[in-house]
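Breakdown of the fold
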Amino acid sequence: MRPQCRVTEIVPAETHDAAQGVRIDIGSGRSEKIAADLVVDTSGRGALTLALLDAVDGQRPEVTEVGVDISYVSAVVEIPWIQTPPAVPAPGMQLIADFWISVL
Ligand SMILES: Cc1cc2nc3c(=O)[nH]c(=O)nc-3n(C[C@H](O)[C@H](O)[C@H](O)COP(=O)(O)OP(=O)(O)OC[C@H]3O[C@@H](n4cnc5c(N)ncnc54)[C@H](O)[C@@H]3O)c2cc1C
């Protein structure tokens, strides 16, 4: 585990058929290379892996996008209790301690 640093590149092997490690930003404009036999990209969107594939002229995987026409927003709502709170909250409302989170 290396806290407070950011991977900037998955470093390709010179043969362009594998990764040999990662390059990390360690602050103040400095970087460091960490060698590795196995690199797992868990950065969320795979941008590092796609950059690696581009760098080695590898083929990007086929992507299928499924659009969903929804959006939502959440807000913390304080409810001044007159009586005891209901046992079952209203749909879209979640009771956290003495406030509600509303998701619309
Ligand atoms: C607004 C919102 C609400 C959501 N609500 C739900 C929900 O209610 N239930 C549910 O199941 N899912 C929900 N999701 C989806 C869920 O958050 C994701 O599917 C899940 O977090 C993906 O996990 P992951 O580990 O692949 O990526 P992430 O959780 O994105 O983790 C990636 C990590 O990598 C780090 N990272 C990125 N780039 C680098 C780098 N270059 N160097 C070092 N570290 C890096 C990031 O800082 C992050 O910590 C929601 C997503 C969003 C955006």
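Worth saying up front: this structure is predicted, and the values here are computed from it rather than measured. (Residues numbered from 1 in each chain as written. Predicted model: local features only at pLDDT ≥ 70, side-chain atom pairs only at ≥ 80, totals over all residues.)

Some details on the site of the ligand
Around the ligand, a shell composed of R6, V7, T42, S43 and G44 is seen. Here the residues of the shell around the ligand are counted per class, giving 1 nonpolar, 3 polar and 1 charged. (Near = placed C-beta within 6 Å. Nonpolar A, V, L, I, M, F, W, Y, C, P; charged D, E, K, R; others polar.)

Concerning the sheet that holds strand β3 (residues 30-35)
Across the sheet, 3 strands lie side by side as β1-β2-β3; this open sheet has antiparallel pairing. Two strands lie at the open edges of the sheet, namely β1 (6-12) and β3, each paired on one side alone. Across the sheet, the axes of successive neighbouring strands diverge by a mean angle of 25 degrees, strand direction being ignored. Looking at chain direction, strand β2 (residues 19-27) and β3 are connected through 6 bridges and run antiparallel. (Pairing = 2+ DSSP bridges. Helix = DSSP H or I, 4+ residues; strand = E, 2+ residues; numbered from the N terminus. Axes fitted to C-alpha atoms, helices over the stretch in contact; angles between N-to-C directions.)

What to know about unusual backbone geometry
Generally, phi is negative for residues other than glycine and the peptide bonds are trans, each holding for most cases. Positive phi values are uncommon outside glycine, yet Q4 reaches one of about 60 degrees. Note that Q4 resides in the segment before β1. Located in the positive-phi region is D57, a residue other than glycine, with phi close to 55 degrees. By the element assignment, D57 lies in the loop between α1 (47-55) and β4 (74-77). When the 7 C-beta atoms within 10 Å are taken as the criterion, D57 is described as exposed. (Buried ≥ 20, exposed ≤ 12 C-beta atoms within 10 Å, placed from the backbone.)

Shape descriptors only; they carry no functional weight alone.
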